[in-house]
Amino acid sequence: MKIFFGGGLNQRIIVSLDFPAAASAADLVRKLGPAASFYKVGLQLLTAAGPSFVRELVDAGKRVFLDLKLFEIPSSVAAAVAATGELGVSLVTVHASAGSAVLEAAVASAAHFPGLKVLALTVITSMDDEALREVGVVSTVPEQVLRLALLAQAAGCHGVVASPLEARLLRNTLPQEMLIVTPGIQPLEFAKGDHARFTTAAQVIEAGATHVVVGRPISRALNPAISFAALCAELDG
Ligand code: C5P
């Protein structure tokens, strides 16, 4: 089953601009051309290039996922979310583990910007059960992801970020209108024969993710435009 959230398949692929400077990020945007319309800017590029690069992307007609991973007191989070709204950003992330007061403050702030949605980050993909225990969480990763996703839903968040492995569980639990954004995508050629892990873009979308975040499989490809087109074709198939 394919669920569409406006636009074509290419709108469901968010290209991650993990670069140390604006010039290299802009080079990838130029190489991908009009086919790619949705980009993620993370902490590295934002810190290196500043918000003017985000504004340039927006002015060029691109949608921007600003992956701020906010974890602060509610008033600071609300102010930062408002700043992303002023920039014309489409998606911004807040750590769900910051709690419902923070999530609600983010959602209330985003409500002033019709184009802005708040994504709650569940558990960062580098954490396993042991890493959760280290910070006092006795649940397993899937249990914690589910708990935080439900907290995000109750707080009015527009979507969640989770690993490919939790996409199906979340789609079966969350309302259809909630976005499920999934990083950690494997290129098709590396994933052949590894059907158990469900980490190709097509598998993750089939499992219920609304968007996939893809970085190196495109940015490090010999020809990023061809890799992007192949990814669109993979989803179309
Ligand atoms: O691995 P790739 O280059 O496609 O990563 C793109 C983005 O997805 C990174 O910026 C990172 O934020 C996120 N990511 C993640 N967990 C992974 C791999 C990537 O959250 N296992």
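Residues numbered from 1 in each chain as written. Predicted model: local features only at pLDDT ≥ 70, side-chain atom pairs only at ≥ 80, totals over all residues. Heavy atoms only, no water.

Student: Tell me about the nonpolar core, and name the residues and values.
Tutor: Across soluble globular proteins, nonpolar side chains show a tendency to be buried alongside one another. Grouped together as the largest cluster of nonpolar side chains are 68 residues, with contacts concentrated most on Ile 13, Val 15, Leu 17, Val 41 and Val 160. Apart from the residues lying within four places of it in its own chain, the contact partners of Val 41 are Leu 17, Leu 46, Val 54, Leu 57, Val 64, Phe 65, Leu 66 and Asp 67. Core analysis: the next-biggest nonpolar cluster, separate from the first, contains 10 residues, Phe 38, Phe 65, Leu 179 and Val 213 among them. (Core = buried A, V, L, I, M, F, W, Y, C linked by side-chain atoms within 4.5 Å. Buried < 20%, exposed > 50% of the residue type's maximum accessible area, 1.4 Å probe, protein only. Contact = heavy atoms within 4.5 Å.)

Student: Help me get a handle on the pattern of salt bridges, residues and values and all.
Tutor: Enumeration over the complete set of coordinates arrives at five salt bridges. The shortest N-O distance in the salt bridge between Asp 27 and Lys 31 comes to 3.0 Å. Separated by four residues within a single helix, Asp 27 and Lys 31 lie in helix H1 (residues 22-32), roughly one turn from each other. Assessed through its relative accessible area of 42%, Lys 31 is described here as partly exposed. Here Arg 133 makes a salt bridge to Glu 130, at a shortest N to O gap of 3.0 Å. (Salt bridge = Lys/Arg side-chain N within 4 Å of Asp/Glu carboxyl O. Helix = DSSP H or I, 4+ residues; strand = E, 2+ residues; numbered from the N terminus.)

Student: I'd like to hear about the site of the ligand, residue by residue, with values.
Tutor: Neighbouring the ligand are the residues Ser 16, Asp 18, Lys 40, Thr 125, Pro 183, Gly 184, Val 213, Val 214, Gly 215, Arg 216 and Pro 217. Within the contact set of the ligand, an oxygen atom lies 3.3 Å away from a side-chain nitrogen or oxygen of Ser 16. Within the backbone of Gly 215, one N or O atom sits 2.8 Å away from an oxygen atom of the ligand. Compared with its free state, where it exposes 440 Å², the ligand has 73% of that area covered by protein. Of all the secondary structure elements, the ones that give two or more residues to the shell around the ligand are strand E8 (211-214) and helix H11 (216-219). For the shell around the ligand, the class distribution of residues is four nonpolar, four polar and three charged. (Near = heavy atom within 4 Å. Polar contact = N/O pair within 3.5 Å; in protein donor to acceptor, adjacent residues only side chain to side chain. Areas by Shrake-Rupley, 256 points an atom, 1.4 Å probe, with all protein chains shown as cover. Nonpolar A, V, L, I, M, F, W, Y, C, P; charged D, E, K, R; others polar.)

Student: Residue-level account of the environment of Lys 40, with values.
Tutor: Mapped onto the elements of the fold, Lys 40 is located in strand E2 (residues 38-41). Placed 46 residues apart in sequence, Lys 40 and Glu 86 show a C-alpha to C-alpha distance of 17 Å. If near-sequence neighbours (up to four positions away) are discounted, Lys 40 is found in contact with Ile 14, Val 15, Ser 16, Leu 17, Asp 18, Phe 65, Asp 67 and Val 213. A polar contact of 2.8 Å, which involves the side chain of Lys 40, links it to the side chain of Asp 67.

Student: Mind laying out the side chain of Gln 144, listing which residues take part and the relevant values?
Tutor: Its location among the elements puts Gln 144 in helix H7 (residues 141-154). Accessibility expressed as a relative area gives 9% for Gln 144, which makes it buried. In this structure Gln 144 touches Val 123, Leu 132, Val 137 and Ser 139, once residues within four positions along its chain are discounted.

Student: Tell me about the pairing of strand E7 (residues 179-182), and name the residues and values.
Tutor: Neither face of E7 is exposed, since Leu 179 and Val 181 on one face and Ile 180 and Thr 182 on the opposite face are all buried. For the crossover that starts at strand E6 (residues 159-161), traverses helix H8 (residues 167-173) and ends in the parallel E7, the hand is right-handed. (Right-handed = clockwise from strand over helix to strand, strands pointing away.)

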